[in-house]
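Next come the chains, spelled out residue by residue.
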Amino acid sequence: MSSRRSRSRQPGSSRITDDQIQDLVSKLQQLLPELHNTRRPDKVSASRVLQETCNYIKTLHREVDDLSERLSQFLETTDSNQAALIRSLLTQ
């Protein structure tokens, strides 16, 4: 346990344990396509899992932006009734 963690702990505050951190990192790893099917998933470092998590979130953001742009372009080319129907379906 690092001294930094000890010093930042305040009396009465809830503290996450090393086991809880390890469990959360393991859960994150299972969600990441890059790391989910690795040969030795138990040997992937927590820092790599966090790095890959950040990369994956950035990728997802880019995909959402791209799909939003494509949807906007599509809605501009469809007639207003169809566009209104699509918008109503998306907001449900």
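In the block above lies the structure referred to throughout.
Q: Honestly, the overall build of the protein chain in this entry has me stumped. Any pointers?
A: Across its full length, the protein chain holds 5 helices and 0 strands. A buried classification covers 12% of the 92 residues belonging to the protein chain. For the protein chain, the share of sequence-separated contacts (at least 6 apart) that also reach a separation of at least 24 residues comes to 11%. For the protein chain, the exposed area adds up to about 8100 Å²; of that, 51% sits on carbon and sulfur atoms.

Q: Looking at this model, I keep getting lost on the pattern of salt bridges. Mind explaining?
A: Close approach of charged atoms allows side chains with opposite charge to pair. Going through the model one piece at a time under the given rule, you end up with 2 salt bridges. Asp 23 is the salt-bridge partner of Lys 27, the closest N and O atoms lying 3.3 Å from each other. Here Lys 27 and its partner Asp 23 are both found in helix α2 (residues 18-31), 4 residues apart, which amounts to about one turn of the helix. Lys 27 gets classed as partly exposed once you look at its relative accessible area, which sits at 46%. According to the relative accessible area criterion, Asp 23 is partly exposed, its value standing at 38%.

What counts, and at which threshold
Residues numbered from 1 in each chain as written. Predicted model: local features only at pLDDT ≥ 70, side-chain atom pairs only at ≥ 80, totals over all residues. Heavy atoms only, no water. Helix = DSSP H or I, 4+ residues; strand = E, 2+ residues; numbered from the N terminus. Buried < 20%, exposed > 50% of the residue type's maximum accessible area, 1.4 Å probe, protein only. Contact = heavy atoms within 4.5 Å. Areas by Shrake-Rupley, 256 points an atom, 1.4 Å probe, with all protein chains shown as cover. Salt bridge = Lys/Arg side-chain N within 4 Å of Asp/Glu carboxyl O.

Spatial relationships are all this shows, so hold off on functional conclusions.
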